[in-house]
Amino acid sequence: MSDWRDIPGYDGFYQINREGDMRSWRQHGGRYAGQIADAPHPIKQYKNQRRYVVYLKAPGGKHTPVPVFRLMVKTWFGDIPEGMVPYHKNGDIADHNIN
């Protein structure tokens, strides 16, 4: 079973696991849009230039592209120090696994 963690800064609406899979608890459409859903649904990742991104909606904001690997690092290791850039140790930008 995967270990899921809330992605910091998104009020518990989005989660990510150690393999880089993401899911959303945000209700889409209808009367309850923007509220917590009864069950999570997977979030699709898109290749954008030379990295994978997801479109997340920050509280009070709009949907913006966010690099998946950056979310992995922030969620599992903490804030990225200024001037530092995380890299995939195996060089495969599609492999977000931190195990």
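The shown structure was predicted, so the numbers you read here are calculated from the model rather than taken from an experiment.

About the criteria used
Residues numbered from 1 in each chain as written. Predicted model: local features only at pLDDT ≥ 70, side-chain atom pairs only at ≥ 80, totals over all residues. Heavy atoms only, no water. Phe/Tyr/Trp six-rings, centres within 6.5 Å; stacked < 30°, edge-to-face > 60°. Buried < 20%, exposed > 50% of the residue type's maximum accessible area, 1.4 Å probe, protein only. Lys NZ or Arg CZ within 6 Å of the ring centre and 35° of its normal. Helix = DSSP H or I, 4+ residues; strand = E, 2+ residues; numbered from the N terminus. Pairing = 2+ DSSP bridges. Axes fitted to C-alpha atoms, helices over the stretch in contact; angles between N-to-C directions. Contact = heavy atoms within 4.5 Å.

1. A word on the packing of aromatic side chains
Counted by the stated rule, this structure contains 2 aromatic pairs. Relative to Tyr14, the ring of Tyr10 lies with its centre 5.5 Å away and its plane at 85 degrees, an arrangement referred to as edge-to-face. Using a relative accessible area of 11% as the deciding quantity, one classes Tyr10 as buried. Residue classification places Tyr14 among the buried positions, given a relative accessible area of 3%. On the basis of an interplanar angle of 75 degrees and a centroid distance of 5.8 Å, the ring pair of Tyr46 and Tyr55 is categorised as edge-to-face. Tyr55 sits in the partly exposed class, given a relative accessible area of 41%. The positively charged end of Arg18 is found above the aromatic ring belonging to Trp76, 4.9 Å away from the centroid. Sitting above the plane of the Trp4 ring, Arg23 keeps its charged end 4.1 Å from the centroid.

2. Points about the environment of Asp11
Tracing the sequence through the fold places Asp11 in the loop between strand 1 (4-6) and strand 2 (14-17). The exposed category is assigned to Asp11, whose relative accessible area is 59%. When the C-alpha atoms of Asp11 and Ala58 are compared, they prove to be 8.5 Å apart, with 47 residues separating the residues in sequence.

3. Remarks on the sheet that holds strand 7 (residues 63-67)
A sheet is described by the order of its strands in space; here 3 strands give the open sequence 5-6-7, paired in antiparallel fashion. Each edge of the open sheet carries a strand with a single partner, namely strand 5 (46-48) and strand 7. Strand-to-strand twist across the sheet, computed as the mean angle between neighbouring axes with direction ignored, equals 50 degrees. Pairing between strand 5 and strand 6 (residues 51-57): 3 bridges, direction antiparallel. Within strand 6, the position partnered with Asn48 by the bridge is Arg51. Most of the contacts of helix 1 (residues 68-77) go to strand 7, to which it runs at about 75 degrees, and overall it touches strand 6 and strand 7.

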